[in-house]
Amino acid sequence: MTTYVEVAINLPQITDTYHYHLPEDLEEGVQPGSFVIVPFGSQRVQGVVLSFVHKPEVAETKPVEDIIDEKPVLTPMQMALAQWMADETLSALGTCIHLMLPPGLSQRTDTLISLKDDVEIDEPSLSSLEKRIINLLKERGPLRGRQIDAKIRHIEWRGTLRKLARDGILTTRGILPEPRVRPKMIRKVKLAIDPDQIEEWQGQLSRVGRVDDRRIGVLRLLAKQTGLLEPSGIYSQTGANASDLKILEEANLIEILDVQVWRDPLEDATYIPTTAPKLTKHQSLAWDKIKKGLASPQKGHKAPVFLLHGVTGSGKTELYLQAVEKALAAGKRVIVLVPEISLTPQTVKRFLSRFPGKVGVVHSKLSEGERYDTWRRVRRGEIPVIIGPRSALFMPQEDLGLIVMDECDDESYDQQDRPPFYRGVKTALAYARLSGAVAVLGSATPRVTQFFQAKSGGWTYIELPRRILAHRETIANVAKQLGIKLQVAVGEADTADLGLPKVDIVDMREELKAGNRSIFSRALFTGLEKVLETNQQAILFLNRRGSATYVFCRDCGYVIKCPRDDKPLTYHQSLKALICHSCGYQRKMPETCPQCGSKHIRQLGTGTEKVEQKIQAAFPGARTLRWDAETTRMKGAHERILTDFSNHQADILIGTQMLAKGLDLPLVTLVGVVLAEVGLNLPDYRATERTFQLLTQVAGRAGRSPLGGKAIFQTYDPNNYVIQAAAGHDFNRFYEQELAYRRDLGYPPFKQLVRLEYRHYSPDVAQGAAEEMANNLKGWIDALGLRTEIIGPAPCFFSKAYGQYRWQIVLRGLDPRRILRDRQFPDWVIEVDPSSLL
């Protein structure tokens with residue numbers, strides 16, 4: 001009897017599933033979750049088996065050709081989550097499944113592109129991009145799509161390719177590349193005889209002239225080992241070489257084996273084992289609630305969700321650790337999510353110190369081999385606790401009992417650069433419901449929608465309103481050495497309230513009136529002097545990179561912009577270049593204005609590089625570190641910078657958003673925000689929320705120990721309610737005002753948004769497509785009788801990206817997804833609950 005299976009195709013835009021039959025030789029090996037190769041049209045593609053099918057939908061089915069991995073690549077819960085994501089985000093099921101496939105093993109079908117033989121090409125009628133593609137194929141012959149990607153960067157060339165294929169100039173054919181990553185194998189050596197026989201074999205080898213001291217040394221070294229040795233270790237200890245090992249192997253005295261080894265990014269991690277500290281009063285009350293939820297988790301909508309709303313330094317991490325310990329004791333597994341790669345090293349060390357040998361890490365800065373091996377070890381059940389940014393959510397962690405999401409307000413949990421455009425918190429909670437796992441969300445500044453959900457009773461709300469004393473011994477020793485008087489006594493009880501740092505708002509308009517044209521206010525300058533005098537540390541925060549915000553002509557006002565994105569280029573002193581931070585475009589600093597020819601080209605604004613230069617000029621003895629996208633490109637850079645600063649190898653840390661959250665640096669007693677209102681007036685309903693969160697979080701880096709501390713907000717808008725609320729650490733004041741604003745305007749949590757974006761190289765085509773879509777949407781809304789608003793069509797705030805013009809339409813209503821269901825929009829980007837409307 002023929003066995004049929006339902007397969008989800010691993011291709012973008014393929015929303016349907018398809019039925020295939022299993023050849024006899026694959027019937028035993030294939031099961032739900034298996035990763036297989038199947039024919040699809042003229043292509044061979046990868047797919048995941050979803051289920052067995054009693055009766056196929058088509059009369060003649062094609063066969064499954066091969067199975068890629070002997071074990072299922074997806075767990076049942078992962079397959080259920082992928083189905084949920086496809087429905088929630090209006091995405092193709094295959095695109096959602098692709099998130100869960102191991103790196104390197106998963107290969108989307110590529111396209112082989114070839115010029116047709118003997119075809120006449122009317123070159124004058126071709127566009128410049130068409131000519132570029134044709135010339136590339138003439139020079140190098142048939143190419144895969146990924147090879148063209150490498151040659152034609154940051155340009156969407158596939159539409160042009162389809163036109164050339166329609167015109168009969170070239171052909172395309174689907175191909176399936178080999179996996180990029182395989183298990184790592186290394187050579188190892190072991191003794192093949194009893195150690196007591198070494199002397200006997202020495203005599204036999206001597207008689208045939210095949211023995212010397214090196215070879216006997218190899219045998220004696222192996223006799224002392226309980227495990228296997230690598231050849232390199234044998235060579236270094238005995239002076240032997242590959243030829244010696246070959247002779248010993250031929251004599252059947254040793255065995256040379258290919259042994260699989262794990263590529264473990266934590267193999268050399270250093271940590272000090274710790275035990276759980278005594279909880280404070282507020283921590284204990286919070287833990288009682290979480291512990292009760294862990295004792296009785298349930299699948300479905302009753303699975304417990306906790307919002308742990310704790311001020312910076314209130315001890316949220318300790319509650320995460322205790323929750324993990326409780327889950328592990330119950331035989332369950334855990335996923336711990338952090339928003340930024342920069343926070344991963346610090347978080348991993350804390351968890352390793354409590355759960356040595358049970359922690360794994362995954363993030364994009366690891367090699368493909370390290371990520372692949374971590375995925376395999378998780379699937380084998382060897383790593384019960386996995387830590388990482390949003391991609392860690394999709395590891396095959398069976399028997400899941402707990403999902404922890406630190407800094408749950410952070411936008412980096414939301415995938416915004418490619419489909420599927422999913423929201424991290426909603427996806428994590430869906431996974432928890434499906435798995436029957438407890439979800440613990442932590443934040444000092446939860447999103448308005450999250451706080452509303454908790455206060456409305458959908459989640460359990462837990463508050464940690466006070467900071468706790470930390471780093472007692474470390475700070476006591478430093479204070480004694482430096483003669484510093486602590487603001488809070490180290491010996492005080494665990495329940496002592498450390499207090500949030502005082503925040504001073506400095507009106508930079510008054511600084512200008514007083515004749516201070518520096519980027520540092522007098523208060524900030526004095527604060528930095530005191531920090532350096534007392535051998536403490538400071539953080540300077542600026543939500544910008546580079547040396548200058550933009551470069552312009554003083555005579556005609558022309559701003560130097562990116563030709564692809566139409567955004568101002570930023571000048572970087574270290575590179576002597578202008579750079580676009582959206583697409584990476586670079587050019588030299590012009591000597592004259594491209595528009596009027598004037599030589600009066602000026603750099604305006606302040607970036608992290610310039611702040612560092614100003615600090616070094618004002619305080620020549622100060623040791624500085626810069627932490628931004630430019631200084632963290634290399635693997636391990638985040639950990640190196642954090643370690644250097646934690647070890648007091650620098651006095652002042654200058655950085656961007658990545659240093660605003662999660663960092664626990666006891667010697668930091670001053671935080672300076674160079675320009676507090678950056679981003680406040682962007683045309684996006686979440687601009688005020690983002691600014692409040694950022695200011696509150698970065699201020700919280702100060703005063704996290706008995707040394708105390710303060711923050712200084714420099715601003716040209718000192719009376720803005722967002723800045724005032726952040727300076728007062730007053731979340732409720734901000735929330736009430738922001739919630740009223742959203743209720744009046746019909747924004748989340750009161751209504752849902754869906755954003756549709758169209759891009760094209762022609763501004764007229766982009767506008768026309770957007771207007772046509774708006775008309776279609778209006779007709780569909782009327783036909784369904786829905787009360788859904790259409791905002792737009794209009795150009796996006798950032799109107800150009802990668803050379804394409806951007807237009808958008810926003811749907812606002814109680815369930816605007818209904819309008820789009822069961823419809824295909826291959827040329828549109830669709831985001832449900834968009835994180836940004838820019």
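To be clear, the structure that these remarks concern was listed above.
Bear in mind the structure is a predicted one, so any value in this text is a computation, not a measurement. (Residues numbered from 1 in each chain as written. Predicted model: local features only at pLDDT ≥ 70, side-chain atom pairs only at ≥ 80, totals over all residues. Heavy atoms only, no water.)

### Notes on the side chain of S353
As for its position among the elements, S353 is in helix α12 (residues 344–354). According to the relative accessible area criterion, S353 is buried, its value standing at 9%. Of the polar contacts made by the side chain of S353, one reaches the backbone oxygen of R350; its length is 2.7 Å. (Helix = DSSP H or I, 4+ residues; strand = E, 2+ residues; numbered from the N terminus. Buried < 20%, exposed > 50% of the residue type's maximum accessible area, 1.4 Å probe, protein only. Polar contact = N/O pair within 3.5 Å; in protein donor to acceptor, adjacent residues only side chain to side chain.)

### Description of the nonpolar core
Grouped together as the largest cluster of nonpolar side chains are 87 residues, with contacts concentrated most on I97, L441 and F713. Residue contributions to this core peak at 6 residues, all from helix α14 (residues 424–435). Look past the residues within four positions of F713 in its chain and what remains in contact with it is V503, D504, I505, V506, V673, A676, L695, A699, I723, A726 and A727. With 31 residues, the next largest nonpolar core counts L266, L294, V336 and I387 among its residues. (Core = buried A, V, L, I, M, F, W, Y, C linked by side-chain atoms within 4.5 Å. Contact = heavy atoms within 4.5 Å.)

### As for the pairing of strand β16 (residues 400–405)
Counting buried positions along β16 gives 6 out of 6 residues, so the element sits mostly inside the fold. In this sheet, β16 lies alongside strand β13 (residues 333–337) in parallel orientation, the contact comprising 5 bridges. What sits directly across from V334, in β16, is L402. Here β16 runs beside strand β17 (residues 438–443); their pairing, made up of 4 bridges, is parallel. Its bridge partner lying in β17, V404 is registered against V440. Each parallel crossover has a hand, and for β16 linked through α14 to β17 it is right-handed. (Pairing = 2+ DSSP bridges. Right-handed = clockwise from strand over helix to strand, strands pointing away.)

### Considerations on the packing of aromatic side chains
Taken as a whole and judged by the stated rule, the model has 17 aromatic pairs. Seen in terms of ring centroids, F451 and Y735 are 4.5 Å apart; in terms of plane orientation they differ by 75°. Their pairing is edge-to-face. Taken together, the residues F451 in helix α15 (residues 448–455) and Y735 in helix α23 (residues 731–745) connect sequence positions 284 residues apart. Given a relative accessible area of 2%, F451 falls into the buried group. Pairing F731 with Y735 gives two aromatic rings, centres 6.1 Å apart and planes at 15°, and the pair type is stacked. In this pair, F731 and Y735 both sit in helix α23, 4 residues apart, roughly one turn of the helix. Y735 carries the same exposure label as F731, and that label is buried. Counting every residue linked through ring pairs, the aromatic cluster contains F451, Y461, F692, Y721, F731, F734 and Y735. Of note, K455 hangs over the ring of Y461, and the distance from its end group to the ring centre comes to 4.3 Å. One residue, R823, lies across the ring of W780, its end atom 4.0 Å from the ring centre. (Phe/Tyr/Trp six-rings, centres within 6.5 Å; stacked < 30°, edge-to-face > 60°. Lys NZ or Arg CZ within 6 Å of the ring centre and 35° of its normal.)

### Some details on helix α13 (residues 368–379)
With 12 residues, α13 should reach 16 Å at 1.5 Å per residue; the first-to-last C-alpha distance of 16 Å fits that figure. Of all the 12 residues making up α13, 10 are buried; the element is thus mostly covered by neighbouring parts of the structure. Of the residues making up α13, those classed as buried are G369, E370, Y372, D373, T374, W375, R376, R377, V378 and R379. Contacts from the buried residues of α13 go to β11 (254–261), β14 (359–361) and β15 (385–388). Once α13 ends, the next one or two residues include G381, with phi positive near 80°. (Expected span 1.5 Å × (residues − 1).)

### Considering the pattern of salt bridges
Scanning all chains against the criterion turns up 39 salt bridges. A salt bridge links R187 to D258; its shortest N-O distance comes to 3.3 Å. One end of the pair, R187, is in strand β10 (residues 184–191); the other, D258, is in strand β11, and 71 residues separate them in sequence. Taken together, the salt bridges that share partners define one network made up of D414, R423, R447, R755, E757, R759, R806 and E831. (Salt bridge = Lys/Arg side-chain N within 4 Å of Asp/Glu carboxyl O.)

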